Amino acid sequence: MRSPKTALSAALGLGLVAALAATAPATASTVSSSPTPQHAKVTAAAYVGSAAEKADTKAFFEAVMKSVKAKQKARPGLKAVTVTYDASAAPTFKSQIAASARIWNSAVQNVKLQEGSGGDFQYREGDDARGSYASTDGHGRGFVFLDYKQNQEYDSTRVTTHETGHVLGLPDHYEGPCSELMSGGGPGPSCTNSQPDQNERAQVNQLWANGLKGLRL
């Protein structure tokens, strides 16, 4: 998550190149355990980006969708799942993280978020010039980093729910209206909507139609 005036890291583009070259998003073994350096081969999606990132974020969603469809075809009997998260490393944002989980749990049916030690993915907090971001494979693994400054500038629950949306497979759509959660910081700090719209809900339900937790995507 970055303010509109902050230069973007190359991490998103590099991560997508690596993921697409392998014909699937990064797996848990390739997700960094620390805030993402520019050379890391992970998928990092920020809260605010430039128009040049449209193709990258579109490719991210398409790569996740292609891989999920292939796994669903191979394992048609899989059911909806619960994905656990660990918020212990982001105590400042405990209430926002809990609110984000409630929002997504009420918005979609095929995947549920539940707090648990260790977790399938983690939340972290700190200061980062890049702002808040998600380093994820787009299907329940990785981590969300919440930047102090940006969470003061923007509505913190919107930021957290937006970044969690990346963990569930959604790409950014910065040019979208405030009513779109994945428009991120595009509409500006005055936007406080923290609810995904109907299209975003449908996309997540489609991605998680048969669960797939724990499978290599």
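Residues numbered from 1 in each chain as written. Predicted model: local features only at pLDDT ≥ 70, side-chain atom pairs only at ≥ 80, totals over all residues. Heavy atoms only, no water.

## Digging into the state of the cysteines
Applying the stated rule across the entire model yields 1 disulfide. Between the sulfur atoms of Cys 178 and its disulfide partner Cys 191 the distance amounts to 2.0 Å. What sets the handedness of the Cys 178 and Cys 191 disulfide is the S-S torsion sign, and at about 85° it is right-handed. With Cys 178 in the loop between α5 (156–167) and α6 (198–207) and Cys 191 in the loop between α5 and α6, this pair connects stretches of sequence that are 13 residues apart. (Disulfide = S-S within 2.5 Å. Helix = DSSP H or I, 4+ residues; strand = E, 2+ residues; numbered from the N terminus.)

## Regarding the pattern of salt bridges
If you walk through the whole model with that rule in mind, you get 1 salt bridge. Among the salt bridges present, the one from Arg 130 reaches Asp 128, with a minimum N-O distance of 2.6 Å. On the basis of relative accessibility, which here comes to 16%, the residue Asp 128 falls in the buried class. (Salt bridge = Lys/Arg side-chain N within 4 Å of Asp/Glu carboxyl O. Buried < 20%, exposed > 50% of the residue type's maximum accessible area, 1.4 Å probe, protein only.)

## What to know about helix α3 (residues 94–107)
With 14 residues, α3 should reach 20 Å at 1.5 Å per residue; the first-to-last C-alpha distance of 20 Å fits that figure. Among all positions of α3, only Gln 96, Ile 97, Ala 99, Ser 100, Ala 101, Ile 103, Trp 104 and Ala 107 are buried. Contact partners of the buried residues in α3: β2 (81–89), β3 (111–115), β4 (121–126), β6 (142–147), α5 and α6. (Expected span 1.5 Å × (residues − 1). Contact = heavy atoms within 4.5 Å.)

No statement about biological role is implied by the geometric values presented.
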